[in-house]
Amino acid sequence: MLAYVGSRTTVERNARGEGISVYRVDEELGELELVQLVGELVNPSYLLLNRRGDRLYCVHGDRSEVSAFVVDPASGHLTLLNQQSTEGRNPVHLALDPSEQHLIVSNHIGASLAVLPIAEDGSLLPLSQLLPLEGPIGPHRVEQPHAKPHFNLFDPSGRFILVPDKGLDRIFSFAFVEGRLMPAASPFVATREGAGPRHLAFHPCLAMAYVVNELDSTVTSYDYEAASGALRPRQILPTLPTSYTGNSRAAGISVDGQGRFLYASNRGFDSLAVYAIDDQSGLLEFVTAVPSGGTTPRFFTLAPNGRHLFALNEDSDSIVTFAVDTEHGVLEATGSRITCGSPVCMIFSA
């Protein structure tokens, strides 16, 4: 198995990364061995592989481009295929539609969603739709000056795409029909004022979705109506223990493959929050928060086999491996840690 890691690279981001790093993964131990470094890339942050694993796509933070790469089937090495503009600033997330004929990108500062068709060879074609996001801004004077979509995830059916917007305190729902985005029947759900919704994860079995809110360090549980794409809030819990009184912001979120545990990351109180998921109601119970082993875990991910979790500590230039207790959800550092400059995303290929 291979892992692809995107890193921040620019002085403006106070970054020390060099591009996209390709690692061979020891699935038993969760250890990483570098096999390629694709340099001379500007802030290749969020990454995405197609189903066949022969094309990789990445956004370039603080720029206006998205790139397509060819993945060598034998070595996993990357070769740049082409780039296209997202016609917005600071693209932060991307998703392929179920047909893999379109790529949808969130322009964080551009306050828009971009749709780019994909050619038969996997290369990116010029943008076909640019959809601005609008609404009343949230109360945070610095972080909420305008719409700030941060994530765009297709639901399990592939019919709807959900978009947490940190600037508007809304989670938008769009239908994706014939290559175009259009508002769903229930076009958005409002979050708590000043929450700053950032990322979203679906339960693998239940009709539930979970959203991590960056600005108030919480996770909200929602009923999800698959027929309409609507979210109905049911519960909100902190990502921080009650004893922590300092500043912190939440970042990533993930649900394990069995739908038994949910994880969220904290930056400030540098840690990984662990929640148990009730197997009937889908509601959460806070279990603990485990130190991330570094500073600013902007991103983390579970290995495909569920046995390890990798915490990407952006400001301490490290990727730390945790063993996952699949029975109780608890995390334990394995002692495996590698140096990687300003890592911000990690994905896997068989």
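Located above this text is the structure these notes cover.
What counts and how
Residue indices begin from 1 for each chain and proceed along its sequence in written order. Only residues with pLDDT of at least 70 get local features here, since the model is predicted, and only at 80 or more are side-chain atom pairs given and counted; chain-wide, interface and lining totals rely on the full set of residues. Hydrogens are left out, water is left out, and the side-chain values use all remaining heavy atoms of the structure. Here, any two strands with at least 2 DSSP bridges between them count as paired. Think of it this way: any DSSP run of H or I at least four residues long counts as a helix, any run of E at least two long counts as a strand, and we number them from the N terminus. Lines are fitted to the C-alpha atoms to define the axes, a helix being fitted only along its stretch in contact, and any angle between axes, read from their N-to-C directions, falls within 0 to 180 degrees. By convention a nonpolar core is built from buried Ala, Val, Leu, Ile, Met, Phe, Trp, Tyr and Cys residues, the set being connected through side-chain atoms within 4.5 Å. Under the scheme applied here, a residue whose accessible area is under 20% of the maximum for its type counts as buried, over 50% as exposed, and between as partly exposed, the area being computed with a 1.4 Å probe on protein chains only. Every residue pair with non-hydrogen atoms within 4.5 Å of one another is taken to be in contact. Side-chain atoms alone can form a polar contact between residues adjacent in sequence; in general such a contact is a pair of N or O atoms within 3.5 Å, and within protein one must be able to donate a hydrogen while the other accepts it. Any two rings among Phe, Tyr and Trp, with Trp reduced to its six-membered ring, count as a pair given centres within 6.5 Å; such a pair is stacked if its planes are under 30 degrees apart, edge-to-face if over 60, and tilted if neither. Within this document, salt bridges are pairs made up of a side-chain nitrogen of Lys or Arg and a carboxyl oxygen of Asp or Glu, the two lying within 4 Å of each other.

Engineer: Would you mind going over the sheet that holds strand 1 (residues 2–7) in detail, with residue names and values included?
Structural biologist: Read from one edge to the other, the open sheet built from four strands follows the order 3-2-1-28, with strand pairing classed as antiparallel. Since the sheet does not close on itself, it has two edges, and those belong to strand 3 (31–38) and strand 28 (343–349), each with one partner. Between one strand axis and the next, the sheet turns through 25° on average, direction left out of account. Inspection of the sheet shows strand 1 paired to strand 2 (residues 20–26) by five bridges, in the antiparallel sense. Paired with Gly6 across the two strands is Ile20, which belongs to strand 2.

Engineer: So what's going on with the nonpolar core? Residues and values would help.
Structural biologist: Across soluble globular proteins, nonpolar side chains have a tendency to be buried as a group. Ranked by internal contacts, the top residues of the largest apolar core, which has 59 residues, are Tyr4, Leu56, Leu103 and Met346. Excluding its chain neighbours within four sequence positions, the residues that come into contact with Met346 are Ala3, Tyr4, Val5, Leu32, Phe299, Thr301, Phe310, Leu312 and Ile319. Counting residues in hydrophobic clusters, the runner-up holds 16 residues, among them Ala95, Leu113, Val115 and Leu133.

Engineer: Got a sec to walk through the sheet that holds strand 16 (residues 197–202)? Specific residues and values, please.
Structural biologist: Pairing is antiparallel across the open sheet formed by four strands, whose spatial order is 16-17-18-19. Strand pairing shows two members of the sheet lacking a second neighbour, strand 16 and strand 19 (230–238), which therefore form its edges. Averaged over neighbouring strand pairs, the angle between their axes works out to 25° when direction is ignored. Here strand 18 (residues 218–225) pairs with strand 19 via eight bridges, running antiparallel. The residue of strand 19 that forms the bridge with Thr220 is Ile236.

Engineer: Could you give an account of the pairing of strand 28, naming the residues involved and the relevant values?
Structural biologist: Counting buried positions along strand 28 yields seven of seven residues, so the element is predominantly enclosed. Taken together, the six bridges between strand 1 and strand 28 define a ladder with antiparallel strand orientation. The residue bridging Val5 from the neighbouring strand is Met346, located in strand 28.

Engineer: Outline the pairing of strand 8 (residues 91–96), supporting the account with residue identities and numerical values.
Structural biologist: When you tally the buried positions in strand 8, you get six out of six residues, the bulk of the element. Note: strand 8 against strand 9 (residues 102–107), five bridges, orientation antiparallel. Within the sheet, the bridge partner assigned to His93 lies in strand 9 and is Ser106.

Engineer: Can you lay out the environment of Ser281 for me, pointing to particular residues and giving the numbers?
Structural biologist: For Ser281, the position within the fold is in the loop between strand 22 (271–277) and strand 23 (284–291). Between the C-alpha atoms of Ser281 and Gly246, which are 35 residues apart in sequence, the distance is 32 Å. Sequence-distant contacts of Ser281, that is, excluding residues within four places in its chain, are made with Leu206, Met208 and Arg234. There is a polar contact of 3.2 Å between the side chain of Ser281 and the backbone nitrogen of Leu283.

Engineer: Lay out the packing of aromatic side chains in plain terms, naming residues and giving numbers.
Structural biologist: By the definition in use, this model includes nine aromatic pairs. Between Phe172 and Phe174, the ring centres sit 6.0 Å apart and the planes meet at 20°, which makes this aromatic pair stacked. Each member of the pair, Phe172 together with Phe174, is buried. For the pair Tyr244 and Phe269, a centre-to-centre distance of 4.6 Å together with 40° between the ring planes defines the contact as tilted.

Engineer: Run through the pattern of salt bridges, naming residues and quoting values.
Structural biologist: Counting across every chain of the model gives 16 salt bridges. Where Arg52 meets Asp54, a salt bridge forms, and the shortest distance between an N and an O atom there is 3.3 Å. We classify Asp54 as buried; its relative accessible area is 19%. With a closest N to O distance of 3.5 Å, Glu65 and Arg63 form a salt bridge. Here Arg63 falls in the partly exposed class, since its relative accessible area comes to 36%. What you see here is one network of salt bridges that share partners, running through Glu143, Lys148, Lys166, Arg198, Glu214, Arg249 and Arg267.

Engineer: I'd like to hear about unusual backbone geometry, residue by residue, with values.
Structural biologist: With a phi close to 55°, Glu100 is a non-glycine residue in the positive phi region. Following the sequence through the fold, Glu100 ends up in the loop between strand 8 and strand 9. One non-glycine residue, Ala111, lies in the positive phi region at around 55°. Tracing the backbone through its elements, the reader meets Ala111 in the loop between strand 9 and strand 10 (112–117).

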